[in-house]
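Structure assessment
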Amino acid sequence: MADVLLKNIQKRYDKDVLAVKGASVEIKDKEFVVLVGPSGCGKSTLLRMIAGLEEITAGELYIDDQLVNDLSPKDRDIAMVFQNYALYPHMTVYENMAFGLKLRKYKKSDIKQRVQEAADILGLREYLDRKPKAMSGGQRQRVAIGRALVRQPKVFLFDEPLSNLDAKLRVQMRMEIKKLHQRLQATMIYVTHDQVEAMTMGDKIVVLKDGEIQQVDSPMNLYHEPENKFVAGFIGSPASNFLHGKITQDTELAFQSKHCTISIPTDTSMGKRLNNHVNERVILGFRPEYLYDKAHEADKRLSIDLVAIIDVIEPIGSESYVYFHFADMPSDSFCFRSNSDIHYVPGQKLKLGIDLNRLRFFDEKTERRIK
């Protein structure tokens, strides 16, 4: 396997379209790295530049300490799994998996051994004589992964491979790809727009927006320690709640918005950070699970009261997502997570608490987190 190093990689399609704006990432040997972001953020373009399918406008790309900017895809020792499977319909599963090795003039005995080993790993041994049209979407995707697997490349690339599958099958395939990575200990780079997919699969996640890297970190650090408002809002489902307001200091340090005033103890690390931002506009971010119904969890400490009016309840099994607004701003929607045993109805008023220890503040102008 191999390290992959991107140094200030850029992709320009014409004078006005800079699709990737100086991406720098170090992907270590055996890591599973996920590139995630909304549609049009440049993640697939970045992956295709690593594969050699897109020309790099500027910057340097190294695979296993070798500069590969000018190498053709076949000389980079990578294998790519595409969104649409890209299988040959007239070939059997065996022939599809063996095709790349035949082009490289491998011996028939070596091809047979590699295909059968990959088929055993992916549970495809009984399907080797079938053609793709006689298989389900999940089985076809396993064939596409098997075709990459037999190559035994230095780096595996996945371009949104699960987006054509139904929800249950996506969860199953996520597990299978993760198990495959653990078994092979291979370097894998995976592109998705689904942040849940990214969180559950990646050792390290690269969050992109408008062609720029916003943060590179572990899944839990992205979730709990976002670098900016975009990361805080993009990572997590449901998304973070945000309140715009101002840091004030009359008798005490506080965050003040249209909806509430939150006193901030000055002897805490948060108080020390915000002491330098008095009279500045900030954005308060808090995740749905940081809120709670005070009628059911009145013993929680370090909290304030928020009067909420419920709009919609989404039961998802053991939990419910409860969407609400404040009385003076019905157009702004917020969310908290509740035990599904608690029954709520639209229009109901209730008092919510919020855990002060888990709040995150962002500069309103730059949207960078205040640290």
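Quantities reported herein were computed from a predicted structural model and do not represent experimental measurements. (Residues numbered from 1 in each chain as written. Predicted model: local features only at pLDDT ≥ 70, side-chain atom pairs only at ≥ 80, totals over all residues. Heavy atoms only, no water.)

**Here's the deal with the environment of Arg 142**
To be explicit about the condition: By definition, any uninterrupted DSSP run of H or I lasting at least four residues is a helix, any uninterrupted run of E lasting at least two residues is a strand, and each is numbered from the N terminus. Categorising residues by exposure relies on relative accessible area from a 1.4 Å probe, with only protein chains included: less than 20% of the type maximum marks a residue as buried, more than 50% marks it as exposed, and the intermediate range marks it as partly exposed. Throughout, a contact is declared for two residues whenever any of their heavy atoms are within 4.5 Å.
Within the secondary structure layout, Arg 142 lies in helix α4 (residues 137–149). Given a relative accessible area of 11%, Arg 142 falls into the buried group. The spacing of Arg 142 and Glu 314 is 172 residues in sequence and 34 Å in space, taken between C-alpha atoms. Discounting residues that sit within four places of it in the chain, Arg 142 has contacts with Leu 122, Gly 123, Leu 124, Gln 172, Met 173 and Glu 176.

**Points about the environment of Glu 160**
Going by this rule: Polar contact is the term for a pair of N or O atoms within 3.5 Å; when the atoms are in protein, one must be able to donate a hydrogen and the other to accept it, and sequence-neighboring residues count only if both atoms are side-chain atoms.
One can find Glu 160 in the loop between β7 (155–159) and α5 (167–184). Look at Glu 160 and you get buried, because its relative accessible area is 12%. A sequence separation of 88 residues divides Glu 160 from Thr 248, and the C-alpha atoms of the two residues are 46 Å apart. When residues no more than four places from it in sequence are discounted, the contact partners of Glu 160 are Lys 43, Ser 44, Gln 83, Val 191, Thr 192 and His 193. Among the polar contacts listed, one links the side chain of Glu 160 to the side chain of His 193, at a separation of 2.7 Å.

**Describing unusual backbone geometry**
Glycine aside, a negative phi is what most residues show, and trans is what most peptide bonds show. Look at the link from Ser 237 to Pro 238: it is a cis peptide, with omega at 0°. Here Pro 238 shows up in the loop between α8 (229–234) and β11 (241–249). The backbone phi angle of Tyr 85 is positive, close to 70°, even though this residue is not glycine. In this fold, Tyr 85 is placed in the loop between β6 (78–81) and α2 (93–103).

**Focus on the packing of aromatic side chains**
Let me state the cut-off plainly: In summary, the pairing rule links any two rings of Phe, Tyr or Trp, Trp by its six-membered ring, whose centres are within 6.5 Å, and it sorts them by plane angle into stacked for under 30 degrees, edge-to-face for over 60 and tilted for everything else. Here, over-ring charges are defined by two tests on the NZ atom of lysine or the CZ atom of arginine: distance to the ring centre within 6 Å, and angle to the ring normal within 35 degrees.
Throughout the structure, instances matching the rule amount to eleven aromatic pairs. The interplanar angle of 40° and the centroid separation of 5.8 Å between the aromatic rings of Phe 32 and Tyr 190 together place this pair among those described as tilted. Residue Phe 32 is found in strand β3 (residues 32–36), and its partner Tyr 190 is found in strand β8 (residues 187–192); the two are separated by 158 residues along the sequence. Grouping residues by exposure puts Phe 32 and Tyr 190 together as buried. Pairing Phe 324 with Phe 336 gives two aromatic rings, centres 6.1 Å apart and planes at 55°, and the pair type is tilted. Separated by twelve residues along the polypeptide, Phe 324 in strand β17 (residues 319–326) and Phe 336 in strand β18 (residues 329–339) bring together distant segments of the chain. The pair formed by Phe 324 and Phe 336 is uniform in burial state, with each residue classed as buried. Above the plane of the ring of Phe 32 lies Lys 178, whose end atom (NZ or CZ) is 5.3 Å from the centre.

**A look at the domain arrangement of the protein**
Interfaces are frequently sized by the accessible area removed from exposure as the parts join. For the record, the criterion: Domain extents, as shown, originate in an automatic or database domain assignment. Two parts placed together each lose some accessible area under a 1.4 Å probe, and adding up what both lose gives the buried area. A carboxyl oxygen of Asp or Glu within 4 Å of a side-chain nitrogen of Lys or Arg is what we treat as a salt bridge. The residue classification treats Ala, Val, Leu, Ile, Met, Phe, Trp, Tyr, Cys and Pro as nonpolar and Asp, Glu, Lys and Arg as charged. All others, Gly included, are polar.
Segmenting the protein into domains produces domain 1 (4–234) and domain 2 (241–363). With nine residues of domain 1 in contact, the opposing surface of domain 2 contributes eight residues. A per-residue breakdown of the area domain 1 buries against domain 2 is headed by Tyr 223, His 224 and Lys 229, which together make up 65% of the total. Across the contact surface, domain 1 and domain 2 share one salt bridge. Note that Arg 360 and Glu 225 form a salt bridge whose closest N and O atoms lie 3.2 Å from each other. For the interface between domain 1 and domain 2, the tally reads five residue pairs in polar contact (both at pLDDT 80 or more). Of the residues that constitute the side of domain 1 that touches domain 2, the class distribution is four nonpolar, three polar and two charged.

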